[in-house]
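# Structural overview
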Amino acid sequence: MAQLQVTAAASSYRDASRYENERKGVFGRSWLFMAHVSELAHEGDVVTATIAGFPLLVVRTKDGLKAFHNVCRHRAGPLFDEARGNCGAVLTCKYHGWAYALDGRLKSARDFGAAAGFDPRQFSLFDVRVETWRGFVFVNADKDAPALAALLAPLDARMGGRDLDRLVHSDRRTHDIACNWKLYVENYLEGYHIPLVHPALNAEVDASKYAVTVEGGVCFHHAPPRATDGVYDGLWAFVQPHLGVNVYGHGLMMERMVPLGLGATRLVYDYYLTPEIAGDPVARHRIIATSAVVTAEDKWICERVQTNIEAGIYEAGVLSPRHEAGVAWFQRLVAEALNK
Ligand code: FES
Ligand SMILES: [Fe+2]
């Protein structure tokens, strides 16, 4: 018989100091998904994202991809202000116009004036690591983190011969949830709530056979579909610390659970589909509508839980050995990251 597993403390969802530690200890040291290479096809193409308060940027240079904090070395202005686009030959700060070569070197400090001791070589952009997996681009601010391939090896093994190179970014949807990011992740990591929270989904999949398997930094889900129309059939994986990789026959959806603050989370759903499905509005609509219904139900329950946690009545609970092994795994990973 398994040992009774206690949940993380309620304070971890409502303490500002804890959130600040997670920003640095978890998100400052993890591989964070940014884009597919098809979004960075041409020199000067840029993708940005702010994740747990870290403004990040990836740019295509003539020598491959480079990634930086989207923070100017002059007075911290932004270098690129859209989610994606093309910056041309240089990244020009939006504040006073300092211009950086795509490899991060400061090329010109516009109209700065002569200053003794000012050496532009000391003002290169803050760089971060960038690596790709099957065409998907990730960044990591930690120079010592293990390679991306090591993190994703369990997922890679399950992907088999699936060809992801043809996929194109077809749609993005965002959903703002008034809860701590970990509550949403933990909700994603168990199927225990499906019969109560997701009646339509429960009719489609056999929630009693919902299985969660942990392999390294990846947690796999499987729920056998009751019918075989393909909507819910596929590979669902969660990659620590905050990425759902939802793979279907027609492509996949990258689901980032992005902390905006202590009690605010933005879900960012990026759909990467085969060109045939991407060009079929009916099929696209069906895929997007299916995830929107489930998300609205999860938003409702996670926001109610956040309110209850903030009430101060509940300090900790227990985890089902049958259904909540993924939650236990995630809570352990976060705790370990903060103890490093
Ligand atoms: S902050 Fe970037 S040029 Fe001033
Ligand atoms: Fe759910």
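Values in this document were obtained by computation on a predicted structure and should not be read as measured data. Sequence positions are assigned chain by chain, starting from 1 and proceeding in written order. Numbering of ligands from 1 and lettering of chains from A proceed in the order in which they are written. Owing to the predicted nature of the model, reporting of local features is limited to residues with pLDDT of at least 70; listing and counting of side-chain atom pairs is limited to 80 or more, with chain, interface and lining totals taken over all residues.

## Some words on the environment of L32
Rule in force here: Here a helix means four or more residues in a row that DSSP labels H or I, a strand means two or more in a row labelled E, and each is numbered from the N terminus. We call two residues in contact when their backbone-placed C-beta atoms lie within 7 Å.
For L32, the location among the structural elements is in strand 2 (residues 32-36). L32 sits 147 residues away from C179 along the chain, and the two C-alpha atoms are 20 Å apart. Beyond its immediate sequence surroundings of up to four residues, L32 is in contact with F27, I51, L56, F138, V139 and N140.

## So, the packing of helix 3 (residues 181-188) against helix 7 (residues 281-310)
Selection criterion: Axis angles are defined between N-to-C directions and span 0 to 180 degrees, where every axis is a line fitted to C-alpha atoms and, for a helix, only to the segment in contact. Comment on the angle field: the value is read as roughly parallel under 35 degrees, roughly antiparallel over 145, roughly perpendicular from 65 to 115, and oblique elsewhere. Handedness of each helix crossing follows the sense of rotation of the near helix against the far helix: counterclockwise by less than a right angle gives left-handed, clockwise gives right-handed. Under the convention adopted here, Pro, Cys and the residues Ala, Val, Leu, Ile, Met, Phe, Trp and Tyr are nonpolar, Asp, Glu, Lys and Arg are charged, and Gly plus all remaining residues are polar.
Contact geometry for helix 3 and helix 7: axes closest at 10 Å, N-to-C directions at 130 degrees. By the angle class used here, helix 3 and helix 7 are oblique. When the axes of helix 3 and helix 7 are compared, the crossing they make is right-handed. Judged by residue contacts, L183, Y184 and N187 of helix 3 engage D298, I301, C302, V305 and Q306 from helix 7. Looking at the contact of helix 3 with helix 7 residue by residue, the class counts come to 5 nonpolar, 2 polar and 1 charged.

## Some remarks on the sheet that holds strand 15 (residues 235-239)
Selection criterion: In this description, strands pair whenever DSSP reports at least two bridges between them.
Across the sheet, 7 strands lie side by side as 12-18-17-16-15-14-13; this open sheet has antiparallel pairing. Here the strands that pair on one side only, and so sit at the sheet edges, are strand 12 (168-177) and strand 13 (211-215). Between one strand and the next, the sheet's axes are offset by a mean angle of 20 degrees, whatever the strand orientation. As judged from the 5 bridges shared by strand 15 and strand 16 (residues 243-248), these two strands associate in the antiparallel manner. Bridging from a neighbouring strand, F238 pairs with G244 of strand 16. Running over the sheet, helix 3 touches strand 12, strand 15, strand 16, strand 17 (251-261) and strand 18 (264-273) and is turned about 150 degrees from strand 17. In the packing of helix 7 onto the sheet, contacts are made with strand 12, strand 17 and strand 18, and the angle to strand 12 comes to roughly 20 degrees.

## Observations concerning the domain arrangement of the protein chain
By convention, interface size is frequently given as the accessible area that disappears when the constituent parts associate. Note the following rule: Here the limits of each domain have been adopted from an automatic or database domain assignment.
For the protein chain, the assigned domains are domain 1 (1-29 + 160-340) and domain 2 (32-144). Using C-alpha coordinates to define each centre, domain 1 is positioned 30 Å away from domain 2. Each partner contributes residues to the interface: domain 1 has 15 residues there, and domain 2 has 13 residues. Mapped onto the side of domain 1 that touches domain 2, the elements with two or more residues apiece are strand 12 and strand 17. With 4 residues, strand 17 is the single largest residue contributor to the side of domain 1 that touches domain 2. Within the side of domain 1 that touches domain 2, the residues separate by chemical class into 9 nonpolar, 2 polar and 4 charged.

## A short note on the nonpolar core
The condition is simple: Residues of type Ala, Val, Leu, Ile, Met, Phe, Trp, Tyr and Cys that are buried and joined through C-beta atoms within 7 Å form what is called a nonpolar core. Whether a residue is buried, exposed or partly exposed follows from its count of other C-beta atoms within 10 Å of its own C-beta, namely 20 or more, 12 or fewer, or something in between, respectively; the C-beta atoms are built from the backbone.
Counting 81 residues, the largest nonpolar core has M34, V58 and F138 as its most contacted members. Counting the residues that make up this core, at least three belong to each of domain 1 (1-29 + 160-340) and domain 2 (32-144). With near-sequence residues (within four places) excluded, V58 lies in contact with M34, A35, L40, V46, V47, L65, A67, V130, V137 and V139.

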